[in-house]
Amino acid sequence: MNEQALRWDDLRVVLAIAESGTLSGAGRRLGASHATLFRRLNAIEQRLGVRLFDRARTGYSPTAAGEELAATAARVEAEVLHAERRLVGRDLRLSGVIRMTTTDTLLMGLLSPILADFRRTHPEIVLEVAVSNQLFNLSQRDADVAVRPSLAPPEHLVGRRVGSIAQAIYVRADGTGDDAAWVGPDRHLGYAALDAWMAAQGANEHCRYRVDTMFGMLAAARDGLGRAVLPCYLADAEPALARLGEPIPELATELWLLTHPDLRRVARVRAFMAFVAEALGKRPAQLCGQGLM
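Each chain has its residues counted from 1, following the order in which its sequence is written. Totals for whole chains, interfaces and linings use every residue, but because this is a predicted model, local features are given only for residues with pLDDT of at least 70 and side-chain atom pairs only at 80 or more, for both listing and counting. Only heavy atoms go into the side-chain values, all of them from the structure, while hydrogens and water stay out.

Enquirer: It is not clear to me how the side chain of Thr101 should be interpreted in this structure. Could you clarify?
Expert: Going along the chain from the N terminus, every DSSP run of H or I of four or more residues is numbered as a helix, and every run of E of two or more is numbered as a strand. Mapped onto the secondary structure, Thr101 falls in strand β3 (residues 96-102). Whenever two N or O atoms come within 3.5 Å, that pair is a polar contact, provided that in protein one can donate a hydrogen and the other can accept it, and provided that, for residues adjacent in sequence, both atoms are side-chain atoms. Polar contacts involving the side chain of Thr101 include one to the side chain of Arg148, which spans 2.8 Å.

The structure is reproduced here in structure tokens:
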């Protein structure tokens, strides 16, 4: 094998194919077409003089040589990402880009005005917001900061607890909705705690409408499809909804502000986290369901 022919881009291609098992999956990860990766892989194998993958209808399986090269590529990628985080950590300027990830409900129901205030305070900092119900991989720089509800945040991240999110039952306020029915989370929402609570309450027997977003559940309750458990910070601000009873203690969730340890000393990240934490600290009533009743 001609080791002098190896390049970092070659390693990235081999690693992406090995981890995804298909050229299309690797292409999505690398932002390249199926045809481009097919040519790249053939060229790499030709230069090295060894077959790296066995081709089959079900996908690409690494050979022994492919497994060895993919393992090397994974170690190199980890070192590159670590070096990048360390270098970014030395950036002391209050400028540059911060990529934040959070959920759609937190962004629309709570964070958007806080982010607007931060931008006005720090005009040289560019905010990029990735909305997802999945926790991005901060170690791989998918995002710099995460604002997430969690009972157990990942141990490899650092940050602070910035509040507790209360949840309660809501129905259509004018009494024209089907209050005996329930609106529930679809399995793709991945809301295990609410699934368990509804099962314990016998609510699933009366649930005839499920949706995979909290905004969808709110809209369903607002439009009279049944009662739904919703975050108080979101539902209390909806005039078409009325709350039934107090927040549900067992569904209270901690709200966390998280980053990677290598980024916590970056000036812009530190400023952002302090700003958001202070702003959320002024909204405890909104978070715990004592704001708008």
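Enquirer: I would appreciate a short explanation of helix α2 (residues 23-30) in the present structure.
Expert: One turn of an α-helix holds 3.6 residues; hence residues three or four places apart share an orientation. We call a residue buried when its accessible area falls under 20% of the maximum for its residue type, exposed when it is over 50%, and partly exposed in between, using a 1.4 Å probe and counting protein chains only. For α2, the complete set of buried residues consists of Leu23, Gly25, Ala26 and Gly27. Backbone geometry just after α2 places Gly31 at a positive phi near 70 degrees.

Enquirer: Help me understand helix α5 (residues 104-121), please; the structure alone is not making it clear to me.
Expert: Expected helix span is computed as 1.5 Å times (number of residues minus one). Taking 1.5 Å as the rise per residue, α5 with 18 residues should run 26 Å; its terminal C-alpha atoms sit 24 Å apart, in good agreement. At Leu111, α5 shows its largest bend, some 70 degrees, and a proline, Pro113, comes one to four positions later. All of the buried residues along α5 are Asp104, Thr105, Leu106, Leu107, Gly109, Leu110, Leu111, Ile114, Leu115 and Phe118. Axes are fitted to the seven residues ending at a residue and to the seven starting at it; the angle between these axes is taken as the bend at that residue.

Enquirer: I keep staring at the packing of α2 against helix α3 (residues 34-48) and nothing clicks. Help me out?
Expert: Each pair of packed helices can be summarised by the angle the axes make with each other and by the distance between the axes. With their axes 9 Å apart at the nearest point, α2 and α3 run at an angle of 105 degrees to one another. Comparing their axes, α3 and α2 come out roughly perpendicular. Contacts from Leu23, Ser24, Ala26, Gly27 and Leu30 of α2 reach α3 at His34, Leu37 and Phe38. Taken together, the residues that form the contact of α2 with α3 break down as 5 nonpolar, 3 polar and no charged. In this description, a line fitted to the C-alpha atoms serves as the axis of each element, helices being fitted only across the stretch in contact, and the angle between N-to-C directions of two axes falls anywhere from 0 to 180 degrees. An angle below 35 degrees is read as roughly parallel, one above 145 as roughly antiparallel, one from 65 to 115 as roughly perpendicular, and any other as oblique. Residues are treated as being in contact if the distance between any of their heavy atoms lies within 4.5 Å. For this classification, the nonpolar set comprises Ala, Val, Leu, Ile, Met, Phe, Trp, Tyr, Cys and Pro, the charged set comprises Asp, Glu, Lys and Arg, and every other residue, Gly included, is treated as polar.

Enquirer: Help me understand the nonpolar core, please; the structure alone is not making it clear to me.
Expert: Inside soluble globular proteins, nonpolar side chains tend to come together where they are buried. Residues grouped as a nonpolar core are buried Ala, Val, Leu, Ile, Met, Phe, Trp, Tyr and Cys residues, joined through side-chain atoms within 4.5 Å. Among the nonpolar cores identified, the biggest contains 57 residues, and Trp197, Met217, Leu230, Leu255 and Phe272 are the most heavily contacted of them. A per-element tally of this core places helix α9 (residues 267-281) first, with 8 residues. Within the second largest apolar cluster, 18 residues are counted, among which are Leu15, Leu48, Tyr60 and Ala73.

Enquirer: Is there a simple way to explain the sheet that holds strand β7 (residues 167-172) in this structure?
Expert: The pairing of strands in a sheet comes from backbone hydrogen bonds and takes either a parallel or an antiparallel form. Pairing between strands requires that DSSP locate at least two bridges from one strand to the other. Spatially, the 3 strands line up as an open sheet ordered β10-β7-β11, and their pairing is antiparallel. Each edge of the open sheet is held by one strand with a lone partner, namely β10 (228-231) and β11 (241-244). Along the sheet, successive strands turn relative to each other by an average axial angle of 55 degrees, direction set aside. With 4 bridges connecting them, β7 and β10 associate as antiparallel partners. The residue bridging Gln167 from the neighbouring strand is Pro231, located in β10. Its contacts with the sheet place helix α7 (residues 214-222) against β7, β10 and β11, and it is angled at close to 125 degrees to β10.

Enquirer: I'm lost on the pattern of salt bridges in this one. Help?
Expert: Oppositely charged side chains may form a pair once their charged atoms are brought near each other. One speaks of a salt bridge when a side-chain nitrogen belonging to Lys or Arg is within 4 Å of a carboxyl oxygen belonging to Asp or Glu. Going through the model one piece at a time under the given rule, you end up with 13 salt bridges. A salt bridge links Asp174 to Arg172; its shortest N-O distance comes to 2.9 Å. Since its relative accessible area comes to 47%, Asp174 is described here as partly exposed. Using a relative accessible area of 25% as the deciding quantity, one classes Arg172 as partly exposed. We note a salt bridge from Arg222 to Asp223, for which the minimum N-O separation is 3.4 Å.

Enquirer: How should I be thinking about the packing of aromatic side chains in this particular structure?
Expert: Between two aromatic rings, the relevant description is the distance of the centres plus the angle of the planes. Between the rings of Phe, Tyr and Trp (Trp by its six-membered ring), a pair exists once the centres lie within 6.5 Å; its type follows the angle of the planes, with under 30 degrees stacked, over 60 edge-to-face, and the other angles tilted. For the structure shown, the criterion picks out 4 aromatic pairs. On the basis of an interplanar angle of 90 degrees and a centroid distance of 5.0 Å, the ring pair of Phe118 and Phe272 is categorised as edge-to-face. Here Phe118 is found in helix α5, whereas its partner Phe272 is found in helix α9, with 154 residues between them in sequence. Taking relative accessible area as the criterion, Phe118 reaches 0% and is therefore assigned buried. Owing to a relative accessible area of 0%, Phe272 belongs among the buried residues under this scheme.

Enquirer: Can you walk me through the confidence of the model for the protein in this structure?
Expert: Low-pLDDT portions of the prediction should not be read for the details of their coordinates. Confidence scores here are pLDDT values: one per residue, from the predictor, ranging 0 to 100. Chain-level statistics for the protein give a pLDDT mean of 87 and a share of 91% at 70 or above. The lowest-confidence element of the protein is helix α4 (residues 64-88), averaging 81 in pLDDT; the highest-confidence one is β7, averaging 97.

Enquirer: Explain the environment of Val229 here, please?
Expert: Note that Val229 resides in strand β10. Apart from the residues within four sequence positions on either side, Val229 is in contact with Gln167, Ala168, Ile169, Trp182, Leu194, Trp197, Met214, Met217, Ile248 and Leu251.

Enquirer: Quick question: what am I supposed to make of the sheet that holds strand β5 (residues 145-149) here?
Expert: With mixed pairing, 5 strands are arranged side by side in an open sheet as β4-β3-β5-β12-β6. Across the chains shown, the open sheet's two edge strands, defined by having one partner strand only, are β4 (125-131) and β6 (158-165). Each strand axis lies, on average, 20 degrees off the axis of its neighbour in the sheet, ignoring direction. Examined bridge by bridge, β6 and strand β12 (residues 253-259) share 7 bridges and lie antiparallel to one another. Residue Gly159 lies in a different strand from β12, and its bridge partner there is Leu258. Sheet strands in contact with α5 are β3, β4, β5, β6 and β12, and its direction is about 180 degrees off that of β4. On the sheet, α9 packs against β3, β4, β5, β6 and β12 and is oriented at approximately 160 degrees with respect to β12.

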